[in-house]
Amino acid sequence: MNYRHAYHAGNFADVVKHLAVVGVLQHLRKKAAAFAVIDSHAGCGAYNLSGLEASRTGEAAEGIARLTNVSGGPAALTSYLELAKGARYPGSPLLAAQLLRPQDRLVAIEKHPEDAATLAATLRPYPKARVEEADGYRRLLGLVPPPERRGLILIDPSYESPDEFREAASAVAAAYRRFATGIYLIWFPIKSTAEANSFCGEVLTAGAAKVLRLDISRCQMVAGKLNAAGLLVLNPPWQFEPDMRASLDLILPRLECEARFDWLAGSP
Ligand SMILES: C[S@@+](CC[C@H](N)C(=O)[O-])C[C@H]1O[C@@H](n2cnc3c(N)ncnc32)[C@H](O)[C@@H]1O
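Just so you know, the residues in each chain are numbered from 1, in the order the chain's sequence is written. Local features in a predicted model are, by the rule used here, given only for residues with pLDDT of at least 70; side-chain atom pairs are given and counted only at 80 or more, and totals for whole chains, interfaces and linings are based on all residues. As a rule here, side-chain values cover all heavy atoms of the structure and leave hydrogens and water aside.

Draft legend 1. Focus on the site of the ligand. Near the ligand lie 22 residues; those nearest to it are H18, S92, E110, G136 and D156. N or O atoms closer than or at 3.5 Å make up a polar contact, with two conditions inside protein: a donor-capable atom paired with an acceptor-capable one, and, for residues adjacent in sequence, both atoms drawn from side chains. Note that a nitrogen atom of the ligand is positioned 2.9 Å from one of the backbone N or O atoms of H41. Contacts to the ligand include D156, whose side-chain N or O atom sits 2.7 Å from a nitrogen atom. Of the residues belonging to the shell around the ligand, the class tally is five nonpolar, ten polar and seven charged. Here, proximity means that at least one heavy atom of the residue falls within 4 Å of the molecule or strand. Residues were grouped as follows: Ala, Val, Leu, Ile, Met, Phe, Trp, Tyr, Cys and Pro as nonpolar; Asp, Glu, Lys and Arg as charged; and all remaining residues, including Gly, as polar.

The following block contains the structure:
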């Protein structure tokens with residue numbers, strides 16, 4: 001486990017993923033009924049973008065740092081930008097923790113012991129957020145369906161091992177069999193179109209009726225860097241796609257990226 005998210009926090013792909021997380025949570029907050037968030041690969045929770053790691057890659061400088069004076073847009077965008085303007089950049093579990101209501105809860109799973117400890121310290125002020133140091137794939141299956149029967153499952157692995165696409169797809173399929181009404185957000189890097197397409201095909205075998213794929217790619221490829229990433233959204237909430245489109249219209253020109261939306265199953 002060599003991957004450290006501190007090098008990549010706040011880059012173009014992180015921004016779009018976190019915007020999607022906020023969009024889904026805002027949707028879940030519309031009903032009074034409690035929801036659960038399960039973040040299977042949670043990271044540290046918060047990142048110092050002036051630190052050594054972020055400075056070394058410069059990824060946040062080409063990402064969230066370019067969005068400081070964006071205004072307006074859908075509620076998800078304004079809320080995300082508000083949450084992201086603090087001293088430390090919030091990762092997915094900190095964004096979620098800040099959007100929980102008293103009736104909601106978050107389980108954030110992180111395998112790396114150091115990152116899990118940092119995450120536990122970051123989430124200490126949030127009584128409805130629990131951190132588990134564990135394997136996210138295995139633990140996820142023990143946590144679904146959540147008793148609330150509503151919620152977001154975020155699967156955001158580091159894809160370090162060659163087998164990890166297969167492992168992620170089979171974890172999604174197994175979780176989906178137990179909790180078919182959940183909203184799932186699955187992030188993946190696109191280093192090869194064939195590999196990404198085959199991963200999406202494997203996730204589709206889970207049988208979700210509605211699956212939206214959103215790809216974000218740099219307008220100009222940069223050698224040696226991640227140039228594209230995707231998000232699969234199983235059971236996307238009502239208006240998720242048009243809201244994401246409207247937000248991305250505002251931010252993608254600044255990130256010098258473009259988006260592609262594809263309904264792999266069902267339609268809006
Ligand atoms: C892409 S980062 C997560 C970023 C985080 N979701 C966010 O958006 O802020 C992936 C994280 O998964 C952790 N990880 C790797 N393998 C894991 C596993 N099998 N179970 C849980 N966490 C794992 C890594 O240590 C890393 O912190």
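Further notes follow.
Draft legend 2. Quick peek at the nonpolar core. Buried Ala, Val, Leu, Ile, Met, Phe, Trp, Tyr and Cys residues that are joined via side-chain atoms within 4.5 Å together make up what is termed a nonpolar core. Only protein chains enter the calculation, and the probe is 1.4 Å; a residue is then buried if its accessible area is under 20% of its type maximum, exposed if over 50%, and partly exposed in between. Residues Y80, I186, F199, L234 and L248 are the most contacted members of the largest nonpolar core, which totals 94 residues. Looking at which element gives the most residues to this core, the answer is helix α1 (residues 12-28), with eleven residues. Two residues qualify as a contact provided that any one of their heavy atoms is within 4.5 Å of a heavy atom in the partner residue. Those residues within four positions of L234 in sequence are excluded, and the remaining contacts are V172, Y176, G182, I183, Y184, I186, V203, A208, K210 and V211. Under the DSSP-based scheme used, a helix requires at least four consecutive residues in state H or I and a strand at least two consecutive residues in state E, with every element numbered from the N terminus.

Draft legend 3. Main features of the environment of F199. Among the structural elements, F199 can be located in helix α8 (residues 193-204). F199 sits in the buried class, given a relative accessible area of 1%. With 39 residues separating them in the primary sequence, F199 and W238 have C-alpha atoms 25 Å apart. Residue contacts for F199: discarding those within four places in its chain leaves Y159, F165, A168, A169, I186, F188 and L232.

Nothing here speaks to function; it is geometry throughout.
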